[in-house]
Amino acid sequence: MAAMAAWKKWQCIGCGLIYDERSGWPDDGIAAGTLWQDVPEDWICPDSGTGKPDFERIA
């Protein structure tokens, strides 16, 4: 069995909120283990309202 790739983290450039693929964002219906590429394109930061394109990979 192949090893799982490392989980990545993405940070909102508007407020600094971090989306961690390992944790997901259950409050918005994004299950733990959801890769960033699988987060809906219309998802926005719950703190600043910043769109998904304005998140930067930090880890």
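Whatever comes next refers back to the structure up there.
Summary of the structure given here. (Residues numbered from 1 in each chain as written. Predicted model: local features only at pLDDT ≥ 70, side-chain atom pairs only at ≥ 80, totals over all residues. Heavy atoms only, no water.)

**With respect to the packing of aromatic side chains**
Consideration 1: Under the definition given, this model contains seven aromatic pairs.
Consideration 2: A centroid spacing of 5.2 Å and a plane angle of 15° characterise the contact between Trp10 and Trp36, whose relative ring orientation is stacked. Placement of Trp10 in strand E1 (residues 9–12) and of Trp36 in the loop between strand E2 (18–20) and strand E3 (55–57) is noted, with a sequence separation of 26 residues between them.
Consideration 3: Judged by relative accessible area, Trp10 falls into the buried class, the value being 16%.
Consideration 4: Residues Trp36 and Phe55 carry aromatic rings whose centres are separated by 5.1 Å and whose planes lie at 40° to one another, so their mutual orientation is tilted. Note that Trp36 is positioned in the loop between E2 and E3 and Phe55 in strand E3, a separation of 19 residues in sequence.
Consideration 5: Residue Phe55 is classed as buried on the basis of its relative accessible area of 6%.
Consideration 6: Within the aromatic cluster, the residues linked to one another by ring pairs are Trp10, Tyr19, Trp25, Trp36, Trp43 and Phe55.
Consideration 7: It is Lys52 that lies over the ring of Trp36; its NZ or CZ is 5.1 Å from the centre. (Phe/Tyr/Trp six-rings, centres within 6.5 Å; stacked < 30°, edge-to-face > 60°. Helix = DSSP H or I, 4+ residues; strand = E, 2+ residues; numbered from the N terminus. Buried < 20%, exposed > 50% of the residue type's maximum accessible area, 1.4 Å probe, protein only. Lys NZ or Arg CZ within 6 Å of the ring centre and 35° of its normal.)

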